[in-house]
Amino acid sequence: MPQRRHRWQWGQEGRACPRRIHRFLEPCLLLLLHYGESYGYQLVDGLKEFGFEQVPVDLSTVYRVLRSLEDQGLVSSRWDTEGTGPARRLYRITEEGDRFLAWWVEDLRETDRMLHHFLTTYDSHMAVHD
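Since the structure is predicted, the reported quantities are computational estimates derived from the model, not experimental observations. (Residues numbered from 1 in each chain as written. Predicted model: local features only at pLDDT ≥ 70, side-chain atom pairs only at ≥ 80, totals over all residues. Heavy atoms only, no water.)

Enquirer: I keep staring at the side chain of Asp-80 and nothing clicks. Help me out?
Expert: Along the chain, the position of Asp-80 falls in strand 2 (residues 75–80). Beyond its immediate chain neighbours, meaning those up to four positions away, Asp-80 contacts Tyr-39, Ala-87 and Arg-88. (Helix = DSSP H or I, 4+ residues; strand = E, 2+ residues; numbered from the N terminus. Contact = heavy atoms within 4.5 Å.)

As structure tokens, then:
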């Protein structure tokens, strides 16, 4: 009996699996917070500079990741009650978050190196077989 292929695992109509970006939100949010304190909706807007315009992320996902980062001690938050309107949560990166961001960058550099090698090898191979 053939193994059932799930859409989320293999993509649509036999195409390659789409990019998985869920975990990539972590370093993006940490880098945005490295610039300074920010509100959730500002962070969602800031994610556009990392390519999340084509793959938009909803606010609830960002808040879920921020909550997880806060639970891990990588981000802290406080209620901002200044100004008019309701209180809003303001986020900032912690020292531990700064170290975790540096780890992410090191890991992403290695991933970039591996992907670059793969793509170069693929291009060379395909050029010979065209």
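Enquirer: What should I look at first to understand the packing of helix 2 (residues 25–34) against helix 5 (residues 95–129) in this one?
Expert: Packed helices, taken two at a time, are described by the angle between their axes plus the distance between the axes. Close contact between helix 2 and helix 5 brings their axes to 10 Å; oriented N to C, the two are set at 130°. For the element pair helix 2 / helix 5, the angle class is oblique. Judged by the twist between their axes, the crossing of helix 2 over helix 5 is left-handed. Every residue of helix 5 that contacts helix 2 at Glu-26, Pro-27, Leu-30, Leu-31 and His-34 is listed here: Gly-97, Asp-98, Phe-100, Leu-101, Trp-104 and Leu-108. Among the residues forming the contact of helix 2 with helix 5, the class breakdown is 7 nonpolar, 2 polar and 2 charged. (Axes fitted to C-alpha atoms, helices over the stretch in contact; angles between N-to-C directions. Parallel < 35°, antiparallel > 145°, perpendicular 65-115°, else oblique. Left-handed = near helix turned anticlockwise from the far one by under 90°. Nonpolar A, V, L, I, M, F, W, Y, C, P; charged D, E, K, R; others polar.)

Enquirer: Hey, could you run me through the pattern of salt bridges in this one?
Expert: Any two side chains of opposite charge can pair, so long as their charged atoms come close to each other. Under the criterion given, the structure shown has 5 salt bridges. The partner of Glu-26 in a salt bridge is Arg-23, with the nearest N and O atoms 3.0 Å apart. Accessibility expressed as a relative area gives 10% for Glu-26, which makes it buried. Accessibility expressed as a relative area gives 46% for Arg-23, which makes it partly exposed. Between Lys-48 and Asp-45 there is a salt bridge, with its nearest N and O atoms 3.1 Å apart. For Lys-48, a relative accessible area of 41% translates into the label partly exposed. Residue classification places Asp-45 among the partly exposed residues on the basis of a relative accessible area of 47%. (Salt bridge = Lys/Arg side-chain N within 4 Å of Asp/Glu carboxyl O. Buried < 20%, exposed > 50% of the residue type's maximum accessible area, 1.4 Å probe, protein only.)

Enquirer: I tried to follow helix 2 on my own but got confused; where do I start?
Expert: The periodicity of an α-helix, 3.6 residues per turn, causes residues three or four positions apart to be oriented the same way. Burial of helix 2 is extensive: 8 of the 10 residues sit out of reach of the surface. Along helix 2, the residues classified as buried are Leu-25, Glu-26, Pro-27, Cys-28, Leu-29, Leu-30, Leu-32 and Leu-33. On its buried face, helix 2 is in contact with strand 1 (38–39), helix 3 (40–46), helix 4 (59–71), strand 2, strand 3 (88–93) and helix 5. Residue Gly-36 follows helix 2 closely and has a positive phi angle near 150°.

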